[in-house]
Amino acid sequence: MLHLLPAEVGLQVVSYLPIQSLYNILQVSRAWHDLVAVNENTVYRNAATLHCLVQEKDCDDLSPQAQCPGTNWKSFCRREFQIEWGWRGKAPAYVKELSASGTDVHRIKVDEELGLVITTGRRGGLLVTDLKGNGPLWGLPPSHVVEYAHCEYDRGYIVFNRHDNNKEVWRRVVDAGNEDHCTASPPDSDMLSAWTEGIPRWHASTHHGHFKPWGLLRLPESARAFRLSHLTLLASGSENAYLWDVSDGRLVETIGDIQRRYHDETLGFIQYVEVNDKYAFICGSNQLRIFERGGGALVYDLSPRSLLRKVWNVVPSGEHPASGSSIVERQRLQKSDLNMNDDQFLAVHVSGNGKDIAALTTCGVLIIIPGFQRLTSGEATLSDIAVQLRFHPGVDHIQGMAIYLALSEQDGKVAAVTRRGLYLVSPDIEFSRLTTERPPRPGVVVSRVTKFEDKQSLSSVSCLHITRTSIYLNWKPSGQDAQPGGGNENNGLPMFFGGLMGHPPMNFPPPAVLPQMGASGNDGQHPNNHAAAMPDGYDNEGEVDTDEVSGFWGHPGDLPHLEPATFGVGEYEEDGVDEEEEEQEEEEEEDQFFDDDFVEDFFDPEADPFEHPMHDHGNPVMVHMGAGDPGGMHLLINEWFVPINLSTVYRVSF
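Not measured: the values here are computed from a predicted model. (Residues numbered from 1 in each chain as written. Predicted model: local features only at pLDDT ≥ 70, side-chain atom pairs only at ≥ 80, totals over all residues. Heavy atoms only, no water.)

Draft legend 1. Here's a closer look at the overall build of the protein. Counting its regular elements, the protein contains 13 helices and 34 strands. Scored against the burial criterion, the 654 residues of the protein give a buried share of 56%. Surface summary for the protein: the accessible area is close to 27,700 Å², and the carbon and sulfur share equals 47%. (Helix = DSSP H or I, 4+ residues; strand = E, 2+ residues; numbered from the N terminus. Buried < 20%, exposed > 50% of the residue type's maximum accessible area, 1.4 Å probe, protein only. Areas by Shrake-Rupley, 256 points an atom, 1.4 Å probe, with all protein chains shown as cover.)

This is the structure in structure tokens:
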């Protein structure tokens with residue numbers, strides 16, 4: 001009997017039991033109940049490490065008492081399992097629209113610890129908003145931040161690209177203290193001017209969410225993609241990769257000749273890059289390569305043709321979501337053969353602990369490699385440890401099926417967006433992960449978020465961010481569910497401050513219905529790709545994607561109807577909402593975040609607090625496609641069609 005053993009031996013035995021079994025032990029006898037109850041904190045601390053809810057070395061720093069006074073390890077485990085059940089649809093999941101980020105979101109970075117949401121816009125600009133209060137804190141105008149800018153964030157540093165291929169580094173004001181800028185690569189006059197001009201616009205009582213110019217990294221060649229992690233920026237050109245220390249602005253290493261042929265293949269087009277303290281990961285269309293930092297040795301490469309011939313197909317379960325959640329639906333996994341020789345890699349991510357890799361192909365195959373260093377050392381083969389999932393088994397050989405990939409830094413959870421849905425992949429906590437060997441089941445649970453199913457909006461997702469408790473993505477704002485359709489004449493096209501993209505207003509709507517600040521700008525399939533940061537209507541070579549246009553380049557037919565982008569006041573009203581009450585509520589909400597002078601200037605139809613330069617694009621003309629056309633409305637600029645898709649930040653939390 002357990003209670004007859006010495007207490008320390010009994011606790012050691014209990015420490016290897018799943019949390020579900022701890023509840024059963026309490027019901028066996030009073031003696032067993034007392035053994036667990038008296039040592040409750042120790043028992044649940046051991047359970048937390050067993051289930052990989054926390055690493056053993058981090059237990060003291062991450063103890064519940066240290067993070068939240070009054071809590072204990074039992075409540076910590078309960079909360080972690082609530083999150084886990086939420087990923088599986090067994091506990092409630094909540095969707096919230098973070099409207100303060102505007103309706104033109106392109107990239108998203110989130111710091112939940114500091115409560116910051118950082119976004120860049122499809123038409124330029126960068127905005128920092130308050131995660132909890134859903135209000136703007138600080139920003140840079142589109143006149144300074146280019147359209148479709150990719151941004152990175154890590155430990156209080158923001159990095160984004162500019163028109164001349166250099167990378168701007170901005171640092172959180174409260175972290176910088178009295179330091180003006182980094183020493184090796186100081187900011188230029190444009191950055192300093194943008195900083196000083198923005199000071200009067202933003203309330204600075206606490207400097208929360210405020211950033212200052214820190215450095216300008218001048219790259220030796222055009223960067224195809226860049227990624228910031230562990231305060232190291234990895235920027236990859238076509239032939240070389242560069243690693244910078246953003247804290248002091250130094251170029252610390254150059255990895256040369258990344259395109260050299262290996263296994264009779266080059267990298268191909270650079271799709272994505274990733275970095276940690278030991279390796280640089282470069283994801284090309286033809287190969288995924290891992291280079292060792294501190295020398296640049298190639299330690300591992302993987303081609304889509306080298307993937308396992310067996311795959312787990314992800315198919316609908318046919319069951320309704322569990323009562324705990326109405327939006328997360330568990331999927332079934334069916335083992336099948338994989339025969340897709342023309343696939344290409346799309347993206348790669350490495351976990352925060354540097355042990356696990358997740359890669360996604362353009363045809364929707366997800367490869368999860370736990371303990372990938374066993375591959376680089378030769379201790380294991382891909383078939384020994386890898387798990388492969390295919391999200392759309394009935395749609396073979398369709399390039400562009402996959403859209404975006406995200407990997408949690410802490411717990412190995414993966415989120416992926418395809419043209420058919422938003423999928424959540426979670427390690428199966430029912431088996432012990434004391435080793436990294438692949439279990440036979442295959443050791444993951446896959447769910448789909450049914451809230452996000454619109455195919456056009458899925459194709460327009462340009463960012464996906466994952467944290468321990470939440471998923472963030474850009475999606476069409478609420479009230480735009482009717483778009484694109486025949487009955488909505490303006491298709492939800494936003495009116496930007498000072499007119500459409502900086503041009504004189506056309507039938508300017510009343511101030512009360514203007515969107516919040518932050519309407520400031522998808523490179524589709526290139527999550528951290530600067531060179532491919534183009535609207536959906538362009539491909540990597542700069543040519544028009546004719547599939548986006550129906551009845552024009554797509555197939556023979558008459559030209560679509562062209563008309564100026566005019567807006568009527570009635571188009572912005574919602575049924576059943578009193579206009580005066582809505583106007584009063586919005587004014588009261590805005591007063592919480594801006595001083596009176598700024599609010600007065602912000603809602604002045606003649607004023608333009610954020611300029612929206614067209615970069616000599618000329619006057620935009622709106623093109624109304626047919627009612628059945630999935631492209632909805634397009635923007636005609638210098639004879640090129642650019643699809644218009646409203647996009648704001650949504651948060652799915654568990």
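Past the structure itself, the notes keep going.
Draft legend 2. Summary view of the packing of aromatic side chains. As enumerated under the stated definition, the model contains 13 aromatic pairs in all. Ring centres of tryptophan 138 and phenylalanine 211 lie 5.8 Å apart, and the angle between their planes is 45°; this geometry places the pair in the tilted category. Of this pair, tryptophan 138 sits in strand S5 (residues 136-140) while phenylalanine 211 sits in strand S9 (residues 211-217), and the two are 73 residues apart along the sequence. Classification of tryptophan 138 as buried rests on a relative accessible area of 4%. Joined through ring pairs, the aromatic side chains of Trp138, Tyr153, Trp170 and Phe211 make up one cluster. (Phe/Tyr/Trp six-rings, centres within 6.5 Å; stacked < 30°, edge-to-face > 60°.)

Draft legend 3. Spotlight on the packing of helix H4 (residues 40-50) against helix H6 (residues 73-87). Contact geometry of H4 with H6 gives a least axis separation of 8 Å together with a crossing angle of 35°. Judged by the twist between their axes, the crossing of H4 over H6 is left-handed. Listed contacts from H6 to Glu40, Asn41, Tyr44, Arg45 and Ala48 of H4 are Trp73, Lys74, Phe76 and Cys77. Of the residues in the contact of H4 with H6, the class split is five nonpolar, one polar and three charged. (Axes fitted to C-alpha atoms, helices over the stretch in contact; angles between N-to-C directions. Left-handed = near helix turned anticlockwise from the far one by under 90°. Contact = heavy atoms within 4.5 Å. Nonpolar A, V, L, I, M, F, W, Y, C, P; charged D, E, K, R; others polar.)

Draft legend 4. Quick peek at helix H3 (residues 30-38). For H3, the full list of buried residues reads Trp32, Leu35 and Val36. When H3 is viewed along its axis, its buried side chains cluster within an angular range of 90° and face the same direction. Exposed positions of H3 whose direction lies more than 90 degrees from the buried face are Arg30 and Val38. Where the residues of H3 are buried, they touch helix H1 (7-14), helix H2 (19-26) and H4. (Arc of directions from axis to C-beta.)

Draft legend 5. View of the side chain of glutamine 331. Looking at the element boundaries, glutamine 331 is found in strand S19 (residues 328-337). Classification of glutamine 331 by relative accessible area gives buried; the value is 5%. A polar contact of 3.2 Å, which involves the side chain of glutamine 331, links it to the backbone oxygen of glutamate 329. The contact partners of glutamine 331, leaving out residues within four places of it in the chain, are Val314, Val315, Pro316, Ser317, Tyr423, Val446, Ser447 and Arg448. (Polar contact = N/O pair within 3.5 Å; in protein donor to acceptor, adjacent residues only side chain to side chain.)

Draft legend 6. Geometry of the pairing of strand S18 (residues 310-316). The buried count for S18 comes to five of seven residues, which makes it a mostly enclosed element. Bridging between S18 and S19 involves seven bridges; their strand directions are antiparallel. Considered in S19, the bridge of valine 314 is made with leucine 333. (Pairing = 2+ DSSP bridges.)

Draft legend 7. A look at the pairing of strand S11 (residues 232-236). Counting buried residues along S11, five of its five residues qualify, which places the element largely inside the surrounding structure. Examined bridge by bridge, strand S10 (residues 225-229) and S11 share five bridges and lie antiparallel to one another. Paired with alanine 225 across the two strands is serine 236, which belongs to S11. Here S10 folds back onto S11, and the loop between the two strands holds two residues, one of which, histidine 230, carries a positive phi near 55°.

Draft legend 8. A look at the sheet that holds strand S21 (residues 357-361). Read from one edge to the other, the open sheet built from ten strands follows the order S20-S21-S22-S23-S18-S19-S27-S26-S25-S24, with strand pairing classed as mixed. Both outer strands of the open sheet, strand S20 (345-350) and strand S24 (402-407), are each paired with one neighbouring strand and no more. Each strand axis lies, on average, 25° off the axis of its neighbour in the sheet, ignoring direction. Relative to strand S27 (residues 444-449), strand S26 (residues 421-427) runs antiparallel, the two sharing six bridges.

Draft legend 9. The nonpolar core, seen in detail. Within the largest apolar cluster, 46 residues are counted, with the highest numbers of intra-cluster contacts made by Leu366, Ile369, Leu389, Phe391 and Val425. For leucine 389, the contacting residues outside a window of four places in its chain are Val311, Trp312, Val314, Leu333, Gly364, Val365, Leu366, Val425, Val444 and Val446. Core analysis: the second largest hydrophobic core is formed by 33 residues, Leu458, Cys463, Trp475 and Val652 among them. (Core = buried A, V, L, I, M, F, W, Y, C linked by side-chain atoms within 4.5 Å.)

Draft legend 10. Inspection of unusual backbone geometry at higher detail. Positive phi, normally seen in glycine, also occurs at tyrosine 148, with a value near 55°. Within the secondary structure layout, tyrosine 148 lies in the loop between S5 and strand S6 (151-154). One non-glycine residue, aspartate 264, lies in the positive phi region at around 65°.

Draft legend 11. Up close: the environment of tryptophan 73. Following the sequence through the fold, tryptophan 73 ends up in helix H6. Residues tryptophan 73 and alanine 47 lie 26 residues apart in sequence; the distance between their C-alpha atoms is 9.0 Å.

Draft legend 12. Looking closely at the pattern of salt bridges. Taken as a whole, this structure holds 24 salt bridges when the rule is applied. The residue arginine 123 makes a salt bridge to aspartate 104 at a minimum N-O spacing of 2.8 Å. Residue arginine 123 is located in the loop between strand S3 (116-121) and strand S4 (126-130), and its partner aspartate 104 is located in the loop between strand S1 (94-98) and strand S2 (105-111); the two are separated by 19 residues in the primary sequence. Accessibility classification places arginine 123 together with aspartate 104 in one group, the buried group. (Salt bridge = Lys/Arg side-chain N within 4 Å of Asp/Glu carboxyl O.)

Draft legend 13. Examining H4 more closely. When H4 is considered as a whole, its buried residues turn out to be Val43, Tyr44, Asn46, Ala47, Ala48 and Leu50. In the core, the buried residues of H4 are packed alongside H1, H2, H3 and H6. At the C-terminal side of H4, cysteine 52 shows a positive phi close to 60°.

Draft legend 14. Region of interest: a nonpolar patch on the surface. On the surface, a nonpolar cluster with roughly 220 Å² of combined accessible area is contributed by Leu5, Val9 and Val13. Structurally, valine 13 can be placed in helix H1. A residue is classified by how much of its surface remains accessible, and valine 13, at 43% relative accessible area, is partly exposed. (Patch = residues over 30% accessible without salt bridge, like charges linked within 9 Å, V, L, I, M, F, W, Y side chains within 5 Å.)

Draft legend 15. Molecular detail of the sheet that holds strand S34 (residues 648-653). On the basis of which strands lie adjacent, the open sheet formed by four strands has the order S1-S34-S29-S28 and antiparallel pairing. Since the sheet does not close on itself, it has two edges, and those belong to S1 and strand S28 (464-466), each with one partner. Shown here is a sheet whose adjacent strand axes are inclined to one another by a mean of 20°, direction ignored. Bridge count for strand S29 (residues 470-475) against S34 is six bridges, and the pairing is antiparallel. Its bridge partner lying in S34, tyrosine 472 is registered against arginine 651.

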